[in-house]
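Each chain is listed here by its residues.
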Amino acid sequence: EYIDSYVFNKAEYIRFNSTVGKYVGYTEHGVKNAETWNKGSELAQELGELERYCKPNAAIDYSVAL
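Owing to the predicted nature of the structure, the values given are computational and were not obtained by experimental measurement.

Undergrad: Describe the nonpolar core, listing the residues and the values that go with them.
TA: Tyr2, Tyr13, Ile14, Phe16, Tyr23, Ala34, Trp37, Leu43, Leu50 and Cys54 form the largest nonpolar core, which has 10 residues in total. At the level of elements, β2 (11-17), α1 (28-39) and α2 (41-65) are the ones that each hand at least two residues to this core.

What follows is the structure, encoded as structure tokens:
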């Protein structure tokens, strides 16, 4: 699971979660940003990071943990 959180003043206001597949806002400002980011290139960038970094390294991390 890939999670990218954005925090301001120790409060999480927006998060990308690979399980959900989109940005989720937790404050009024975060909800507005999530709506905008889910329609723009930011979502494609996060999904690209999931494919580029997470999926290839998941098998490696799993085998090391065993």
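Undergrad: Could you give an account of the environment of Tyr23, with specific residues and numbers?
TA: For Tyr23, the location among the structural elements is in strand β3 (residues 22-25). Linking Tyr23 and Cys54, residues 31 residues apart in sequence, is a C-alpha distance of 17 Å. Excluding residues within four positions of it along the chain, Tyr23 makes contact with Tyr6, Ile14, Arg15, Phe16, Ala34, Trp37, Asn38, Glu42, Leu43 and Glu46. A polar contact is formed between the side chain of Tyr23 and the side chain of Glu46, at a distance of 3.1 Å.

Undergrad: An account of the environment of Asp4 is needed here, citing residue identities and associated values.
TA: Its place among the elements puts Asp4 in strand β1 (residues 3-8). Dropping the residues within four chain positions of it, Asp4 is found in contact with Ile14, Arg15, Phe16 and Glu46. Reaching out from Asp4, the side chain makes a polar contact with the side chain of Tyr6 at a distance of 3.2 Å.

Undergrad: If you had to explain the sheet that holds β1 to someone new, which residues and values would you point to?
TA: Sheet architecture is open: 3 strands sit in the order β1-β2-β3, paired in antiparallel fashion. Sheet topology places β1 and β3 at the edges, where each strand pairs with a single neighbour. Between one strand axis and the next, the sheet turns through 20° on average, direction left out of account. Where β1 and β2 come together, 6 bridges link them in antiparallel fashion. Within β2, the residue paired with Val7 across the bridge is Glu12. On top of the sheet, α1 reaches β1, β2 and β3; it is set at about 165° to β3, its chief contact.

Basis of the calculations
Residues numbered from 1 in each chain as written. Predicted model: local features only at pLDDT ≥ 70, side-chain atom pairs only at ≥ 80, totals over all residues. Heavy atoms only, no water. Core = buried A, V, L, I, M, F, W, Y, C linked by side-chain atoms within 4.5 Å. Buried < 20%, exposed > 50% of the residue type's maximum accessible area, 1.4 Å probe, protein only. Helix = DSSP H or I, 4+ residues; strand = E, 2+ residues; numbered from the N terminus. Contact = heavy atoms within 4.5 Å. Polar contact = N/O pair within 3.5 Å; in protein donor to acceptor, adjacent residues only side chain to side chain. Pairing = 2+ DSSP bridges. Axes fitted to C-alpha atoms, helices over the stretch in contact; angles between N-to-C directions.

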